[in-house]
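Chains, contacts and geometry: an overview
What follows is each chain in one-letter form.
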Amino acid sequence: MKTIGLIGGMSYESTLSYYKIINKIISEKLGKLHSAKLVLSSLDFEEIVECQCSDNWKKANEILTNQALLLEKCGVDFILICTNTMHKCFDEIQKSVKTPIFHITQAVILELQKENVDQVLLLGTKYTMSEKFYKELLEKSGIKVFTPSNEEMCQVNDIIFNELCKGKIEEKSRVYFDNLISKFPQIQGVILGCTELGLIIEKSSKKLFDSAYIHAKMAALKALE
């Protein structure tokens, strides 16, 4: 079994999901008392949020690169960045380490292609929804991406950081997401492009693609190759 390196803590709520999903799949596949071989490096999320808010992506990149180098020294076979937004720094981090980093968007693309879905609504932080680093990979794979209005993006971002990252699940926010998704009848599916969104959007009239679950599931299977 390969050893997985996780850069987590962004937020700790979604990192818990990664740990649980990976170990559950390993246990189901191997039986007995098997569990995953992994090394977790968990960051102080407030430091990352401060970098995001001040547009200091250089510092954010340095923080994550240091964690990737630390995991590399631990001898992991591949690395996961357990958050969507910080894949904005993916290219720079990968340049700094020899260990391959398994990109979350590539994992989602493989799942979309498997399900023959090519029109999706992308939900996530304002950075993930509005910037190119995530959407471009989807579009280059022939997937048409829809995003909410600027006002709706701000509301989604607020729910993520002020509720979900703090472990709060509010019914009014659950209703908000239901209503938001219903505004896009043309889509075939919804990408939960923030690793916390699976905590609140559990069912929908559209097919859901939970990026955290997909990323973690494929990592577990990759570890068993």
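Residues numbered from 1 in each chain as written. Predicted model: local features only at pLDDT ≥ 70, side-chain atom pairs only at ≥ 80, totals over all residues. Heavy atoms only, no water.

If you check an unreviewed UniProt entry, the protein appears there as Aspartate racemase from Campylobacter insulaenigrae. On record in UniProt, under Sequence similarities (unreviewed entry), the comment for the protein is "Belongs to the aspartate/glutamate racemases family." (UniProt positions renumbered as here; feature names shortened; annotations may be inferred.)

**Section: the overall build of the protein**
Scanning the protein for helices and strands turns up 10 helices and 7 strands. Taking 2.2 N^0.38 as the reference for a compact globule, 225 residues should give roughly 17 Å; the C-alpha atoms of the protein span a radius of gyration of 17 Å, in line with that estimate. Considering only C-alpha atoms, the protein reaches an extent of 45 × 40 × 35 Å along its principal axes. Taking all 225 residues of the protein together, 52% fall into the buried category. (Helix = DSSP H or I, 4+ residues; strand = E, 2+ residues; numbered from the N terminus. Rg over C-alpha atoms; globule rule 2.2 N^0.38 Å. Buried < 20%, exposed > 50% of the residue type's maximum accessible area, 1.4 Å probe, protein only.)

**Focus: the environment of S173**
One can find S173 in helix α9 (residues 171-182). We classify S173 as buried; its relative accessible area is 3%. Taking C-alpha positions, S173 is 22 Å from F45, a pair spaced 128 residues apart along the chain.

**A closer look at the pattern of salt bridges**
Side chains that carry opposite charge are capable of pairing whenever their charged atoms lie near each other. Applying the stated criterion across every chain, the model contains 9 salt bridges. With a shortest N-O distance of 3.4 Å, E92 and K95 are connected by a salt bridge. Of this pair, E92 and K95 both sit in helix α4 (residues 90-96), 3 residues apart, roughly one helical turn. Three or more residues joined by partner-sharing salt bridges are found here, namely E171, R174 and E202. (Salt bridge = Lys/Arg side-chain N within 4 Å of Asp/Glu carboxyl O.)

**Examining the packing of helix α2 (residues 45-53) against helix α3 (residues 57-73)**
The interhelical angle for the contact between α2 and α3, taken along N-to-C directions, is 150 degrees, at an axis separation of 8 Å. It follows from the interaxial angle that α2 and α3 lie roughly antiparallel. Residues E47, I48, C51 and Q52 of α2 pack against W57, K59, A60, I63 and L64 of α3. Split into classes, the residues belonging to the contact of α2 with α3 amount to 6 nonpolar, 1 polar and 2 charged. (Axes fitted to C-alpha atoms, helices over the stretch in contact; angles between N-to-C directions. Parallel < 35°, antiparallel > 145°, perpendicular 65-115°, else oblique. Contact = heavy atoms within 4.5 Å. Nonpolar A, V, L, I, M, F, W, Y, C, P; charged D, E, K, R; others polar.)

**Here we look at a negative patch on the surface**
On the surface, D44, E46, E47 and E50 cluster together into a patch of negative charge. Here D44 lies in the loop between β2 (38-42) and α2. The exposure class assigned to D44 is partly exposed, which follows from its relative accessible area of 45%. (Patch = residues over 30% accessible without salt bridge, like charges linked within 9 Å, V, L, I, M, F, W, Y side chains within 5 Å. Areas by Shrake-Rupley, 256 points an atom, 1.4 Å probe, with all protein chains shown as cover. Lys, Arg positive; Asp, Glu negative; His and termini not counted. Charge placed at Lys NZ, Arg CZ, Asp CG, Glu CD.)

**As for the packing of aromatic side chains**
How two aromatic rings sit relative to each other is given by the distance of their centres and the angle of their planes. Overall, the coordinates contain 5 aromatic pairs when judged by the stated rule. Taking 5.4 Å as the distance between ring centres and 80 degrees as the angle between the ring planes, the aromatic pair formed by W57 and Y127 counts as edge-to-face. A residue pair is termed long-range when its members are at least 10 positions apart, and W57 in helix α3 and Y127 in helix α6 (residues 126-130) qualify at 70 residues. Under the relative-accessibility criterion, W57 is labelled buried at 12%. Directly above the ring of F78 sits K222, whose terminal nitrogen or CZ lies 5.6 Å from the centroid. (Phe/Tyr/Trp six-rings, centres within 6.5 Å; stacked < 30°, edge-to-face > 60°. Lys NZ or Arg CZ within 6 Å of the ring centre and 35° of its normal.)

**Considering the sheet that holds strand β1 (residues 4-8)**
Picture the strands of a sheet paired through backbone hydrogen bonds; they go either parallel or antiparallel. Strands sit in the order β2-β1-β3 across an open sheet of 3 strands; the sheet is parallel. Of all the strands in the sheet, just β2 and β3 (78-81) have a single pairing partner and so form its edges. Pairwise comparison of adjacent strand axes, ignoring direction, gives a mean angle of 20 degrees for this sheet. As defined by bridge partners, β1 adjoins β2 across 5 bridges and the pair is classed as parallel. Residue I7 lies in a different strand from β2, and its bridge partner there is S41. Sheet contacts for helix α1 (residues 12-30): β1, β2 and β3; angle to β2, the most-contacted strand, approximately 175 degrees. Together, β1, β2 and β3 form the strand contacts of α3, whose direction differs from that of β1 by roughly 155 degrees. (Pairing = 2+ DSSP bridges.)

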